[in-house]
Amino acid sequence: MLKKFIIFYMLLFPVVLFSQINNKKGLRSAGNTTSENRMQMSDSNTNSKRGVKKEKDTIATVDMYKIITLDRDTTYVDTSLTVQNDYKVNYLRKDNFGLLQFPNIGQTYNILDYGLVDHNPFPEFGFKAKHAAYMEVNDINYYNVPTPYTDLFYRSVLSQGQMLDAFITLNTSENLNFAVAYKGLRSIGKYVNSISSNGNFRFITSYNTKDKRYNLKLHVTAQDISNQENGGIIDSDLFESGDALYTDRERLEVYFEDASSLLKGNRYFVDHTFRLSKSSPNSFLLHHQFNYENKSFTYTQPTASERFGPWYTSNINNKTRYNRMYNMVGAAYTNDNIGTLEFYVEDYTYNYYYNRVILGDNFVPNLLNDRVDTYGARYTYQKGKLKGSVLFSNSITDQSLANIQASARYRFNDENELSFRYQNMNKLPDLNYRLYQSSYVEYNWYNELKNEKINNFEFEAKTKWITASMQYTVLKDKLYFERLDVAYDPDDVEPLIVKPAQFDGTINYFSVKASKDIKFGKFGLDNTLLYQSVSQSDAILNVPDFTTRNTLYFSDYLFKKALFIQTGVTFQYFTKYYMNGYNPLLGEFYVQDEKKIGDFPLMDFFINAKVKQFRVFLKAEHFNSSFSGYNYYSAPTYPYKDFVIRFGVIWDFFS
């Protein structure tokens, strides 16, 4: 991690130096996207204008600070202070409704809302629980800014540590942008053996020629997610008793005191297009996308535990390695009136391997590798208020892979929008379902599995009255991890033996989510309600029936509108259900039917303030923990966090 910090600041220094030079040009900004933010920023705009020479300087407007996704959707920098932005002041820096955080910052999240699960037709690495904070290709944005823009995010953690996300972007010319960012976290946590120490480095650039013939998006990431793994608490009764002796959580005995896990990954990504015609926008395009990524997942435990059954060697050191290379080459015709039609081929090669072969009752090889080639077509249309796309791909090689997607969005105005998404996928299994090796005897397997079949419909309506969405998903041959009932129990330790399984039936999932921010004077009530229903012959996909989040808040200006404050209380709740358990050896969640979890309130009190582009966040998280009952868990044996006061800052610079 120290090496990455050094590299980051070596890259950051010339960027900052350039920004200071560029600042002399007199460009100003008060970037944001909402009318409320523009009101909050109006005073700082006025002050900026007073010191600007009109004949030389230019005032940069909000729509000049562009944030662009890989799919070319564009938003703008937002420095407002709203309840919706308060939801994003967390480690993931996004609204985490439907996710339940583990006891320490930087650990994984249990999923309450199945609608958050995304699918990829290609075989992936697996170890999904460890990827909660791992930034994928679609998590990386690209930028175009008139002046250097810096975003500094700091937040305190649970004990002895801090979290910092530092980001800076600038345009060296109108057509060339660079961005550098690093998010680092260290948190000791409240329980024995629960330290988190994570890092996410990003280097991003985008470029286009003046005539827009050539467009390039490129990024490089280096990420490591490191956690001490204690396996949860052994005696839940002591935790739930509320005894003052055990409110010092370090007194609670945990399963492991020396286990740890590490997910590391590096990615090199390029997406670029070239238009054949020099002058006409209605022309043929050549499109190439390249993605090379290597990952590894390591679980170490110097002293083996009966929790995972018998072992070959007592010093556990499991390491799974993986790399993949993806190339897509396409040719498209684009027309302003009819849209863009593209035909493409994809080449996906991967290696998933260990450094040994297991010989025993069941032979376990050390390697999976393959090449998957597909052909496909994509049609996109974007004009005026309508944007839509249709995609089809199918395998050329022997694997049975197929993917059909369709989406449409119609924006009536800034307040009203309708969208639809459909997906039909024949997905190849993730690789850790097929092969896994460990020093623990029971955690070795080599499986031949069917493809998962996913049929998904989504509708969403955003209006000035309410935002509502509906999802209906049909799953066939779903893969999952299940806990086995085994007799191995030499030292009266409850064993945790988890292995992959495939459900040969059909699962029907349905959900409806609605949200509305009701305002009356200086008060507001923001509400989000999720209802989920699952039809299945066995309890494979388990979710709570109801999940809700409600925030009552007060907003006002103080000191002649120099200070904007917002304070209130957030209430969260979900009904009881058989929540998935967490297995640190696999870095995966597993299905269990022994303990129902839920039916406890989570309440936070917050006071937030904003001065120009400086925002401060003070929150008393889960302040009801001491009087509403100690029955709150993030997974079986893993308690949810106790009451804690946390402080955060976001400071944006536009020069």
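This one's a predicted model, so the numbers in the text were calculated from it and none came from an experiment. (Residues numbered from 1 in each chain as written. Predicted model: local features only at pLDDT ≥ 70, side-chain atom pairs only at ≥ 80, totals over all residues. Heavy atoms only, no water.)

> Explanation requested: the overall build of the protein in the structure shown.
Each helix and strand in the protein was counted, giving five helices and 33 strands. Going through the 655 residues of the protein one by one, you find that 50% of them count as buried. Considering only contacts in the protein between residues 6 or more positions apart, those separated by 24 or more positions represent 66%. Summed over its atoms, the accessible surface of the protein is roughly 29,800 Å², and 55% of this surface lies on carbon and sulfur atoms. (Helix = DSSP H or I, 4+ residues; strand = E, 2+ residues; numbered from the N terminus. Buried < 20%, exposed > 50% of the residue type's maximum accessible area, 1.4 Å probe, protein only. Contact = heavy atoms within 4.5 Å. Areas by Shrake-Rupley, 256 points an atom, 1.4 Å probe, with all protein chains shown as cover.)

> I tried to follow the sheet that holds strand β2 (residues 74-76) on my own but got confused; where do I start?
Across a sheet, strands are paired by hydrogen bonds formed along the backbone, either parallel or antiparallel in direction. Taken together, the three strands give an open sheet; going across it, the order is β2-β1-β5, and neighbouring strands pair in antiparallel fashion. Across the chains shown, the open sheet's two edge strands, defined by having one partner strand only, are β2 and β5 (142-144). If you compare each strand with its neighbour and ignore which way they point, the axes differ by 30° on average. Where strand β1 (residues 66-68) meets β2, three bridges bridge the pair, whose relative direction is antiparallel. In the sheet register, I67 faces β2, and the bridge partner there is T75. (Pairing = 2+ DSSP bridges. Axes fitted to C-alpha atoms, helices over the stretch in contact; angles between N-to-C directions.)

> Even after reading the chapter, I still don't get the packing of aromatic side chains, so can you show me in this structure?
Here the distance between the centres and the angle between the planes together describe a pair of aromatic rings. One pass over the structure, following the stated rule, counts 49 aromatic pairs. Summarising the aromatic geometry, the rings of Y114 and Y509 are spaced 5.1 Å apart at their centres and angled 65° between planes, so their arrangement reads as edge-to-face. Placement of the pair is Y114 in the loop between β4 (109-111) and β5 and Y509 in strand β23 (residues 497-520), with a sequence separation of 395 residues. Arranged with centres 5.3 Å apart and planes meeting at 75°, the rings of F574 and F600 form a pair that is edge-to-face. Here F600 lies in the loop between β28 (588-590) and β29 (602-611) and F574 lies in strand β26 (residues 563-574), a separation of 26 residues in the sequence. Positioned above the aromatic ring of Y87, the side-chain terminus of R549 is 3.5 Å from the ring centre. (Phe/Tyr/Trp six-rings, centres within 6.5 Å; stacked < 30°, edge-to-face > 60°. Lys NZ or Arg CZ within 6 Å of the ring centre and 35° of its normal.)

> Before we go on, may I ask you to explain the nonpolar core in this structure?
Side chains of nonpolar character tend, in soluble globular proteins, to be buried together. Counting residues in hydrophobic clusters, the biggest one holds 61 residues, and the most contacted among them are Y91, Y299, F308, Y352, Y436 and Y443. Contacts of Y352, omitting those with residues within four sequence positions, involve F125, F127, T320, R321, Y322, N366, L367, L368, L431, N432, L435 and Y436. (Core = buried A, V, L, I, M, F, W, Y, C linked by side-chain atoms within 4.5 Å.)

> Help me understand the pairing of strand β15 (residues 367-383), please; the structure alone is not making it clear to me.
Successive residues of a regular strand alternate their side chains across the two faces of the sheet. Both strand β14 (residues 339-353) and β15 contribute to a ladder of 14 bridges, which runs antiparallel. Bridge assignment links D347 to a residue of β15, and that residue is D373. Judged from the 10 bridges that link them, β15 and strand β16 (residues 386-395) form a sheet pairing that is antiparallel. Within β16, the position partnered with K383 by the bridge is L386. Between the antiparallel neighbours β15 and β16 lie two residues, among them G384 with a positive phi of about 65°.

> Please clarify how the side chain of N198 should be interpreted in this entry.
For N198, the location among the structural elements is in strand β9 (residues 196-208). Engagement of the side chain of N198 in a polar contact is seen with the side chain of Y91, the distance being 3.2 Å. Within polar-contact distance, the side chain of N198 engages the backbone oxygen of G106 at 3.1 Å. (Polar contact = N/O pair within 3.5 Å; in protein donor to acceptor, adjacent residues only side chain to side chain.)

> How should unusual backbone geometry be read in this particular structure?
A negative phi holds for most residues other than glycine; trans holds for most peptide bonds. Residue K561 is not a glycine yet carries a positive backbone phi of 65°. The topology assignment puts K561 in the loop between β25 (546-558) and β26.

> Please explain the environment of S260 as it appears in this structure.
Among the structural elements, S260 can be located in strand β11 (residues 259-275). Apart from residues no more than four positions distant in its own chain, S260 is found in contact with N227, Q228, E229, T298, Y299 and T300.

> Is there a simple way to think about the confidence of the model for the protein in this case?
Close inspection of predicted coordinates is inappropriate for parts of the model with low pLDDT. Confidence along the protein averages 90 in pLDDT terms, with 90% of residues attaining 70 or more. Low pLDDT (under 50) marks residues 1-56, which in the prediction has 101 contacts with non-local residues, meaning those over four places away or in another chain. (pLDDT = per-residue confidence, 0-100.)

> Help me understand a nonpolar patch on the surface, please; the structure alone is not making it clear to me.
A cluster of nonpolar side chains, contributed by Y154, L164, F605, I607, L618, F643, I645 and F647, occupies part of the molecular surface with about 680 Å² of accessible area. With respect to the secondary-structure elements, F605 resides in strand β29. For F605, a relative accessible area of 36% gives the class partly exposed. (Patch = residues over 30% accessible without salt bridge, like charges linked within 9 Å, V, L, I, M, F, W, Y side chains within 5 Å. Salt bridge = Lys/Arg side-chain N within 4 Å of Asp/Glu carboxyl O.)

> Which parts of the structure should I look at to understand the environment of T300?
Within the element layout of this structure, T300 appears in strand β12 (residues 283-301). As a C-alpha pair, T300 and Y633 span 333 residues in sequence and 25 Å in three-dimensional space. Aside from chain neighbours lying at most four places away, what touches T300 is D258, A259, S260, I316 and N317. For T300, the side chain forms a polar contact with the side chain of S260, separated by 2.8 Å.

> For this particular structure, what's the right way to read the pattern of salt bridges?
A side chain with one charge can pair with a side chain of the opposite charge if their charged atoms come near. Scanning all chains against the criterion turns up 30 salt bridges. With a closest N to O distance of 2.7 Å, R549 and D95 form a salt bridge. Residue R549 is located in strand β25, and its partner D95 is located in the loop between α3 (83-86) and β3 (99-101); the two are separated by 454 residues in the primary sequence. Across the pair R251 and D248 runs a salt bridge, and its minimum N-O distance is 3.8 Å. You can call D248 partly exposed: its relative accessible area is 37%.

> What's the story with the environment of L100 in this structure? I'm lost.
Mapped onto the secondary structure, L100 falls in strand β3. We classify L100 as buried; its relative accessible area is 3%. Discounting chain neighbours no more than four positions away, the residues touching L100 are T108, Y109, N110, L112, F574, M579, L602, Y633, S634 and Y640.

> Quick question: what am I supposed to make of the pairing of β26 here?
Taken together, the 12 bridges between β25 and β26 define a ladder with antiparallel strand orientation. Note that in β26 the partner of L552 across the bridge is V569. Taken together, the nine bridges between β26 and β29 define a ladder with antiparallel strand orientation. Among the inter-strand pairings, V569 is bridged to a residue of β29, identified as F605.

> Honestly, a negative patch on the surface in this entry has me stumped. Any pointers?
A cluster of acidic residues, D235, D237, E253 and E257, forms a negative patch at the surface. Mapped onto the elements, E257 comes out in the loop between α4 (236-241) and β11. The exposure class assigned to E257 is exposed, which follows from its relative accessible area of 58%. (Lys, Arg positive; Asp, Glu negative; His and termini not counted. Charge placed at Lys NZ, Arg CZ, Asp CG, Glu CD.)

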